[in-house]
Structure formats: C-alpha cells, structure tokens
Amino acid sequence: MNPFNKLPKDNKISYSSWTDLCPKPYDKNAVSPYTKTRVILMNGTEFESNWFLHQFNRHCLNNEVRRVLAQVRREEQQQQKRISALKPIDETILETTIAYEQLAVDLTADMAQKEPNPFVKAQLDFALLEDFDHLYRYSDLLYDEEGAKAERLVGNYTEITPARPTISEHRHPNDDVRRYINCWQDPLITRLHTGIITAAEQQTMNYYMNVGSFYHSDMGRKLYTEIAMIEEQHVTGYGSLMDPSSTWFESWVMHEYTECYLYYSCYQDESDEKIKKIWQMHFEQELKHLKIAAEMLYKYEGREWQQLFLGGAEFPALIKLKSNKEYIREIISSTVRNSAVKEDIMPLDALSDSADFFKYQKQVNTSVNKVASHMVIDKFILKHGEDYRKEDHPSVEKTLRDRTVDNTELGRIRGK
C-alpha cells in the first residue's frame, strides 16, 4: 500500500467529544500481551508526533504554518488520549512495565531481522539484549513484591532470563552516539526503523522517569532510576541514527508516513476487535495528516512528496509483534559480551585499558552491592534460594545458567 495514493474519508481536521476520548479499557487478564504492547507502541508514537510538532512550532517564523501545525497537533493529542485511556486502572505500574519491556524486546527483534543497514542492525541487537535483561530484573521484582509471575503477562511468547547484565550497560555518554543514516541512500525500511525505535525508547524512558518516584518500595524506585538511565542511553543511540540533515517539512512528512505505516501494521495484526477499530480510525486520520504535510512541503519548499521517496512509497514489510525466542538466543550467544567505543560496537575484550567505559564504571558503580539491578536479584535469591526466570531451555550463555548467583562480571570485566 502507498498511503499517498489512498484518499482519506474526510479531508478536513475534525475533533472528537470528550466521551469519544474515553473508550473502554482492555481487560488485563484476557487481552493478548501483544495488544498491550501495541497500545504502548502507538502511545509512544503519538508522543513523538506531538513533541516533534511542538518543536517545529518553536523553530518556525511563519504563523500560518504554526496554525496548521496546531490544528494537526490537536487531533494527534486526541489520538494519544484515546490510546492512553485503553490502559485499565487496575493494571499496576510494574505490570505495565513488563509490557513495556516485552514491546522493547519483540519490536526490536522484529526490526533487527529485517534491517538491511549493518550499523542500524548492530544498534538494534545491542540494545535488544539490554532490554531483555531489564525484563528479567523487573520480573523478579514483580514476583517478589506482588507475587505475580511475569510469564502470565508475556503469554510465554518471550523468555524471562538474564542477558547482558544491567550493571554492564553503564557506559560513558561518548560511547552511545552512533553513525547517522542517509535518507537518500538508505532504504525506506531503515528510515522507518530508526524513527520507530527512537520514539518507542523515548516513551519507555519517559514512563520510567515519571513513574519511578511513585513506586511503592525503595528497591523499586532505585531500579527505575537505574534502568531509566539506560533508556536515556538507548534514546541517545537510536536518536543519533536518524538523518540530521532533513528539513522540518521533510521530517514532518516522514513522521506522518510513519504513523500511517504503524497504524496500518497494528490494524492488520490486532486480535481485539474494538481496539482494531481504533487503529483503523486513526489510520484514516493519519492519511489526512500525511496529505496536509505533503501539501505544506510543496507550498513552502516547492517539492513533491515523491522526491522524498525515490524508491517508491509502498509500505515495506509491516511490523508484526510475535515471539522471537530463537533469534534472541542467537544474539545472546554471539554478542552478549559486546560493549561500545564511540560509534563502534565491539567485544569488551577489545577495549583499551584507558577506555571511557572503565572510567565511567568506576564512577557510577562504586560498590556492586549498591547497584539496584543487582540488589533486586541478590535479594530474591537470598529469599527464595534461586532467581525467578521462565526459560524454554537453559541459557545459551553458560555463565548465566547458575540461578543461585547474579552475574555482575559478564560484559563488564575482561575475560569473563
């Protein structure tokens, strides 16, 4: 499908009543785990759209353009409110967090397997293992504090087991900045992936930044603080992949195209019929926004949308949230000891003694026993005799198989 060739049902911006912005939430005990993750994905997509349009507004000298941005942004805001309302009030902060991490794992794995740019794929695989480890640590906290097993929440689609330990993810800011893509040379799917994953990780970072201080235990608050800092690293890494040479109008068209692509993907993949109708409605609205953005590109830059899509604007393979267990095991096996130096991702053992990674580790990890991601697992093991995990088979990484000890050296200490 080429969304530029599909006419929206209504060419004018229209606004919903308050009632229409409050659909019935999903039943957390009955809905598919991937419906929950799609809700999070599209909530983050709408946040990204709104913040982009606000930034465009703040860097624009033309009030006529700013009024059009305001009109589109108001409808985007209503979309975000409708999606946000789908989360039920009885879903706890930590239950929602499990869905956030499942999304991060399976969305990243889906894109990594389709990504043709080797540098973008390397960043996807790199952060994938870190989010996978976060899922494990939040799951142990959930079981310890709420008595709930995360395997029920993820529907056994995603394994719960350690990967690159969170303590090993603490890198110097210099080492999270990657090479940016070239929109004129990289394929459309790469442009989509960089924008989608940046928005998704930005949403995760924002969620942890906001809810961490509301969490009911000191241990949980500390864990959210630590992992929110890792999400900042991920947003830096993913955001630096995006082509910084794009103009505001080019970026606007690409944002609207991406929303069309995602809503269409969600509509095709959704199992909940009521939520499926919301994805369809929002897709129709985004077709309208895309048309407006393309018209503004022509009016103010004298360029046709076709000039931004030289390889064609047909949707590439759609996003499909599904189980990726074997792929994740493969990436653990081949890259769990990776770290980074400036733009490059490489095995930890290849880093020099003077690498910023080791300096930063000494600064933030003054005592391993005071690092929350380790404390959560250590506390669980002391209480229950072994950690909580849900694996189809023992870990492919032998050093991670011992369930009575939390590994804090893999990916952090040379030779481990």
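Here the structure is a predicted model, which means the values were calculated and not measured. Counting starts from 1 at the beginning of each chain's written sequence and moves along it residue by residue. Confidence filtering applies because this is a predicted model: local features only for residues at pLDDT of at least 70, side-chain atom pairs given and counted only at 80 or more, and all residues used for totals across whole chains, interfaces and linings. In computing side-chain properties, one takes all heavy atoms of the structure into account and sets aside hydrogens as well as water.

Participant: Tell me what's going on with the packing of aromatic side chains, and back it up with residues and numbers.
Facilitator: Paired rings are identified among Phe, Tyr and Trp, the last through its six-membered ring, by centres lying within 6.5 Å, and are further divided according to the angle between planes into stacked (under 30 degrees), edge-to-face (over 60) and tilted (the rest). Within the structure shown, the criterion is met by 27 aromatic pairs. Ring centres of Y143 and Y388 lie 5.2 Å apart, and the angle between their planes is 65 degrees; on these two criteria the pair is classed as edge-to-face. Of this pair, Y143 sits in helix 4 (residues 118-146) while Y388 sits in the segment after helix 12 (372-384); the two residues are 245 residues apart in sequence, bridging distant segments of the chain. Remark: exposure states derive from per-residue accessible area (1.4 Å probe, protein chains only) relative to the maximum for the residue type, with buried under 20%, exposed over 50%, and partly exposed in between. Judged by its relative accessible area of 27%, Y143 is partly exposed. Look at Y388 and you get buried, because its relative accessible area is 5%. Taking the centre distance of 5.6 Å and the plane angle of 70 degrees together, the rings of Y261 and F315 count as edge-to-face. To qualify as a helix, a DSSP run of H or I must reach at least 4 residues; to qualify as a strand, a run of E must reach at least 2; elements of each kind are numbered from the N terminus.

Participant: So what about helix 6 (residues 188-211)? Which residues, and what values?
Facilitator: Count 3.6 residues to each turn of an α-helix, and residues three or four apart come out pointing the same way. To estimate how far a helix should reach, multiply one less than its number of residues by 1.5 Å. The end-to-end C-alpha separation of helix 6 is 35 Å, in line with the 34 Å expected for 24 residues at 1.5 Å each. Here helix 6 lies mainly inside the structure; 21 of its 24 residues are buried.

Participant: Can you tell me about the side chain of E95, naming the residues and giving the values?
Facilitator: Residue position: E95 is located in helix 3 (residues 93-112). In this structure the side chain of E95 is engaged in a polar contact, spanning 2.9 Å, whose partner is the backbone nitrogen of T92. Between two residues, a contact is recorded if the distance between any of their heavy atoms is within 4.5 Å. When residues no more than four places from it in sequence are discounted, the contact partners of E95 are K28, D90, L142, E146, R152 and L153. Pairing of N or O atoms within 3.5 Å defines a polar contact, subject to two protein rules: one partner must be a possible hydrogen donor and the other a possible acceptor, and residues neighboring in sequence count only if both atoms are side-chain atoms.

Participant: Account for the nonpolar core, naming residues and giving values.
Facilitator: Note that soluble globular proteins tend to have their nonpolar side chains buried in a common cluster. Throughout, nonpolar core names a set of buried Ala, Val, Leu, Ile, Met, Phe, Trp, Tyr and Cys residues whose side chains join them through atoms within 4.5 Å. In terms of nonpolar packing, the biggest core is built from 105 residues, with F4, L107, W252, Y257, W279 and F309 touching the most fellow members. Judged by nonpolar contacts, the second largest core, of five residues, contains L348, A355, F357 and F358.

Participant: Can you break down the pairing of strand 2 (residues 344-347) residue by residue, with the values?
Facilitator: Strands qualify as paired when DSSP identifies two bridges or more between them. Of the pairings in the sheet, the one linking strand 1 (residues 338-341) to strand 2 comprises four bridges and is antiparallel in character. Each bridged residue has a counterpart across the sheet, and for V341 the counterpart in strand 2 is D344. Connecting strand 1 to the next strand, strand 2, in antiparallel fashion are two residues, including K342 with a positive phi near 50 degrees.

Remember, this is a structural readout, not a statement about activity or role.
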